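The primary structure of each chain is shown beneath.
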Amino acid sequence: MITAFGRYLWLHFNHQLIYKTWKPKKLHLHNTSVINKEMSLRQHGLQIFQAAINAVLPQNMIKKNINIEGDRLMIQNQCFPVHKNVYLVGFGKAVLGMAAAMEEILGDHLLQGVISVPLGIQKILSETGKEDMLLKPQTKIQAMEGAKHNLPDENALKAANSIHHLVEGLTADDLLFVLISGGGSALLPAPIPPVTLEEKQYLTKQLAAKGATIQELNTVRKMLSLLKGGGLARAAYPAQVVSLIMSDVIGDNLEYVASGPTVPTLHSKDDCHKILLKYNLLSSMPESVKEVLSQSSMKMDKEEIQTFAHVCNFIVGSNAIALEKAKCKSESLGYNTSVLSTVISGDVKTVAKLYSLLIRYVCSVLAAASSKYVHVSKMKDEILQMVVNMELPDFQLDGCLELLEETQHSKKPICLLAGGETTVRLQGKGKGGRNQELALHLALELHHAKSKIPQDLLTKYEVIFLSGGTDGQDGPTEAAGAFAYSDLVDKAFAEGLNAEDFLNNNDSFTFFNKFNNGVDLIVTGLTNTNVMDMQAIIIQPNEI
Ligand SMILES: Nc1ncnc2c1ncn2[C@@H]1O[C@H](COP(=O)(O)OP(=O)(O)OP(=O)(O)O)[C@@H](O)[C@H]1O
Ligand SMILES: O=C(O)[C@H](O)CO
């Protein structure tokens, strides 16, 4: 568990990223200048991560995208007349802050609202002094908390029913705002009878544990839900529906964010069958699920899609927006910076291999003045091949190369940024999250790579890797993510910790919590936003 002191820091200084107190005596480092350099690289990493989070804080995003002038509401250059006819519903981890900002903007125009938000969020926000994310005392919006551990539960079901009830009663004169963010699927469960909440929970748990992607998971969820896959917008017809969406899915495909309650689905029950077959779940499926899948075809024809003319969906926050601000911060800290990709996805092990190869490649290119580093072009080909295999269409290796060229002249340190969401295949019973697991896999990759590259290459450069979830909660743990570096595995061995054993048990949180008094854990507390994960690779030549 995180120490009481760590928790104290988190509670009292929650507006900033806090990571545990640096304890040099446990580091086995050679001198204080090395410690200070590692220290500052980490602090820079944290500041860059914080800048990414700040860029997509719900109240900032809403205020940036929405203006009211008299009875005209402007959203990204589109105008919506308002005349005390506005209703609001919402579901997701970032929705409370979005709703607070909306009620301020809407004033008297807002008549009623219901939002479904994570359990305990209001208490945490008031305890941490984030009043600006809370609803007003005289609010017209009912905030219902549920989905403990990000799983649909009875409380979330009640909230979903209230939301359903509210939108069903609307007329063509009404304007309905739908606030949507990541975590929304679990906060809006409305299983189609006879499927029960427990059955739906069982199925989604099974799929997640087998490594199904969020796209696959949400395709299945849509088929079994009354409100997902466009169901909410259909229920609200003929009211004008305006969705404000904080995207937490790769490529910002709105069909998948919170399972797309205001987006017509293009999927069919056949797609759902294929997914269940792929994960060997077809035969063990509950009878009720079989029944619903044999009845309903959610695939919409052209005419039905046109009925969505009453719906406008706006993206107000995304991973790309967060990375753009992270890049500005990194540049202001003096790093030559490049964004590699905003769609990093795939198994954590594969992603760790890619990052490890990239780090070795960058160090090798930077050290190319010395003729012994001859494998550079081979490495580049390997990276390009991996990028193709991993289907990362936007991966900017060219941008990275330009940066390296510039760096060879300017001698500035480098920061490479990336975003997206990996998947973890759960085999063990440990505690962890995809960011901590990615960091630990990367540390292991760098450790194994030592035998493949000239001995001094990694020691010539200080390399710090950071991976963190912008929602501040990596899996079911108290941490947002973790740091990694090339000698982490050796240092852990010296403390009697075998990184590989922990990974085999999906126990990355326990590893990082034990190792070096937990200094490599990143603990932010819930940030109340969610645009997937961010990685930063910071590389600084040791001579500097
Ligand atoms: N022991 C573990 N080690 C590594 N990853 C884990 C472990 N337990 C759960 N996870 C991963 O954590 C994720 C679930 O965490 P969480 O509920 O925070 O998901 P999320 O994707 O952030 O949620 P949402 O998309 O709804 O915001 C899954 O990707 C799961 O594979
Ligand atoms: O809620 C969900 O479905 C995920 O967070 C993706 O949006």
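Bear in mind the structure is a predicted one, so any value in this text is a computation, not a measurement.

Definitions and limits used
- Residues numbered from 1 in each chain as written.
- Chains lettered and ligands numbered in written order.
- Predicted model: local features only at pLDDT ≥ 70, side-chain atom pairs only at ≥ 80, totals over all residues.
- Heavy atoms only, no water.
- Pairing = 2+ DSSP bridges.
- Helix = DSSP H or I, 4+ residues; strand = E, 2+ residues; numbered from the N terminus.
- Axes fitted to C-alpha atoms, helices over the stretch in contact; angles between N-to-C directions.
- Expected span 1.5 Å × (residues − 1).
- Buried < 20%, exposed > 50% of the residue type's maximum accessible area, 1.4 Å probe, protein only.
- Arc of directions from axis to C-beta.
- Contact = heavy atoms within 4.5 Å.
- Right-handed = clockwise from strand over helix to strand, strands pointing away.
- Near = heavy atom within 4 Å.
- Polar contact = N/O pair within 3.5 Å; in protein donor to acceptor, adjacent residues only side chain to side chain.
- Areas by Shrake-Rupley, 256 points an atom, 1.4 Å probe, with all protein chains shown as cover.
- Nonpolar A, V, L, I, M, F, W, Y, C, P; charged D, E, K, R; others polar.
- Domains from an automatic or database assignment.
- Parallel < 35°, antiparallel > 145°, perpendicular 65-115°, else oblique.
- Left-handed = near helix turned anticlockwise from the far one by under 90°.
- Buried area = accessible area lost by both parts, 1.4 Å probe.
- Salt bridge = Lys/Arg side-chain N within 4 Å of Asp/Glu carboxyl O.
- Core = buried A, V, L, I, M, F, W, Y, C linked by side-chain atoms within 4.5 Å.

Regarding the sheet that holds strand β3 (residues 78-81)
Consideration 1: Pairing is antiparallel in the open sheet, where three strands are placed in the order β1-β2-β3. Bordering the open sheet on either side are β1 (66-69) and β3, each of which pairs with just one other strand. Strand after strand, the sheet turns through a mean of 25° between neighbouring axes, direction not considered.
Consideration 2: Alignment of β1 against strand β2 (residues 72-75), held across four bridges, turns out to be antiparallel.

Let's talk about helix α17 (residues 397-410)
Consideration 1: Taking 1.5 Å of rise per residue, the 14 residues of α17 would be expected to cover 20 Å, and the 20 Å separating its terminal C-alpha atoms lies within 8% of that figure.
Consideration 2: Buried residues of α17: L397, C400, L403, L404 and T407, and no others. The arc that holds the buried residues of α17, viewed along the axis, is 110°, so those residues lie on one side. Exposed residues on α17 whose side chains face more than 90 degrees from its buried face are D398, E402, E405 and H409.
Consideration 3: Those residues of α17 that are buried are in contact with β10 (336-347), α15 (348-366), α16 (376-389) and β11 (414-423).
Consideration 4: Of the residues trailing α17, K411 is marked for its positive phi of about 60°.

Some words on the pairing of strand β4 (residues 86-91)
Consideration 1: The buried count for β4 comes to six of six residues, which makes it a mostly enclosed element.
Consideration 2: Examined bridge by bridge, β4 and strand β5 (residues 110-118) share six bridges and lie parallel to one another. Bridging from a neighbouring strand, F91 pairs with S116 of β5.
Consideration 3: With helix α4 (residues 95-106) bridging β4 and its parallel neighbour β5, the resulting β-α-β unit is right-handed.
Consideration 4: Sheet topology places β4 next to strand β7 (residues 175-180); six bridges connect them, and they run parallel. Looking at β7, one finds that V86 is bridged to L175.

Considering the site of ligand 1
Consideration 1: Neighbouring residues of ligand 1: 18 residues in total, closest N150, G430, R434, N506 and N530.
Consideration 2: Contact between ligand 1 and N506: a nitrogen atom at 2.9 Å from a main-chain N or O atom of the residue.
Consideration 3: Here ligand 1 loses 81% of its free accessible area of 640 Å² to cover by the protein chains.
Consideration 4: Among the residues making up the shell around ligand 1, the classes are represented as three nonpolar, nine polar and six charged.
Consideration 5: The residue makeup of the shell around ligand 1 includes at least three contributed by each of domain 1 (4-56 + 320-541) and domain 2 (58-190 + 226-264 + 301-317).

Focus on the pairing of β11
Consideration 1: Across the 10 residues that make up β11, a large majority, nine, are buried.
Consideration 2: Sheet topology note: the β10/β11 ladder contains nine bridges and is parallel. If you follow S341 over to β11, its bridge partner there is A418.
Consideration 3: Bridge analysis of β11 against strand β15 (residues 533-541) gives seven bridges, and the strand direction is antiparallel. Residue pairing in the sheet places G419 in a bridge with M534 of β15.

Examining the packing of α15 against helix α18 (residues 434-449)
Consideration 1: With their axes 8 Å apart at the nearest point, α15 and α18 run at an angle of 50° to one another. With respect to each other, α15 and α18 are oriented oblique. Judged by the sense of rotation from one axis to the other, the crossing of α15 with α18 is right-handed. Facing α15, whose interface residues are V348, K349, V351, A352, K353, Y355, S356, I359 and R360, α18 presents R434, E437, L438, H441, L442, E445, L446 and A449.
Consideration 2: The residue makeup of the contact of α15 with α18, split by class, is nine nonpolar, two polar and six charged.

Here's the deal with the domain arrangement of the chain
It is common to report an interface's size as the accessible area lost on association of the parts.
Consideration 1: Assigned domains within the chain: domain 1 (4-56 + 320-541), domain 2 (58-190 + 226-264 + 301-317) and domain 3 (192-224 + 266-299).
Consideration 2: In this complex, domain 1 contributes five residues to the contact, which on the side of domain 3 involves seven residues.
Consideration 3: Here domain 1 and domain 3 share an interface that buries about 320 Å² over both sides, 50% of which is from carbon and sulfur atoms.
Consideration 4: Summed over the three residues of domain 1 that lose the most area to domain 3, namely T423, R425 and L426, the buried surface amounts to 75% of that side.
Consideration 5: Seen at the junction of domain 1 and domain 3, the total is zero salt bridges.
Consideration 6: Our count for the contact surface shared by domain 1 and domain 3 stands at zero residue pairs in polar contact (both at pLDDT 80 or more).
Consideration 7: Partitioned by chemical class, the residues of the side of domain 1 that touches domain 3 number two nonpolar, one polar and two charged.

A look at the nonpolar core
Consideration 1: Ranked by internal contacts, the top residues of the largest apolar core, which has 122 residues, are L88, F177, L244, Y355, F395, F511 and M534.
Consideration 2: Here this core spans two domains, since at least three of its residues come from each of domain 1 (4-56 + 320-541) and domain 2 (58-190 + 226-264 + 301-317).
Consideration 3: In this structure, F177 is in contact with L73, I75, V86, Y87, L88, V89, M102, L106, V242 and L244, ignoring residues within four places of it in sequence.
Consideration 4: Core analysis: the second largest hydrophobic core is formed by 36 residues, V167, A186, A233 and A236 among them.

Side note on the sheet that holds β7
Consideration 1: Pairing in this open sheet of six strands is parallel, and the strands run β6-β5-β4-β7-β8-β9 from one edge to the other. The two strands at the open ends of the sheet, each matched to only one other strand, are β6 (141-146) and β9 (311-317). Ignoring strand direction, the axes of neighbouring strands in this sheet form an average angle of 15°.
Consideration 2: Running over the sheet, helix α6 (residues 154-168) touches β4, β5, β6 and β7 and is turned about 155° from β5.

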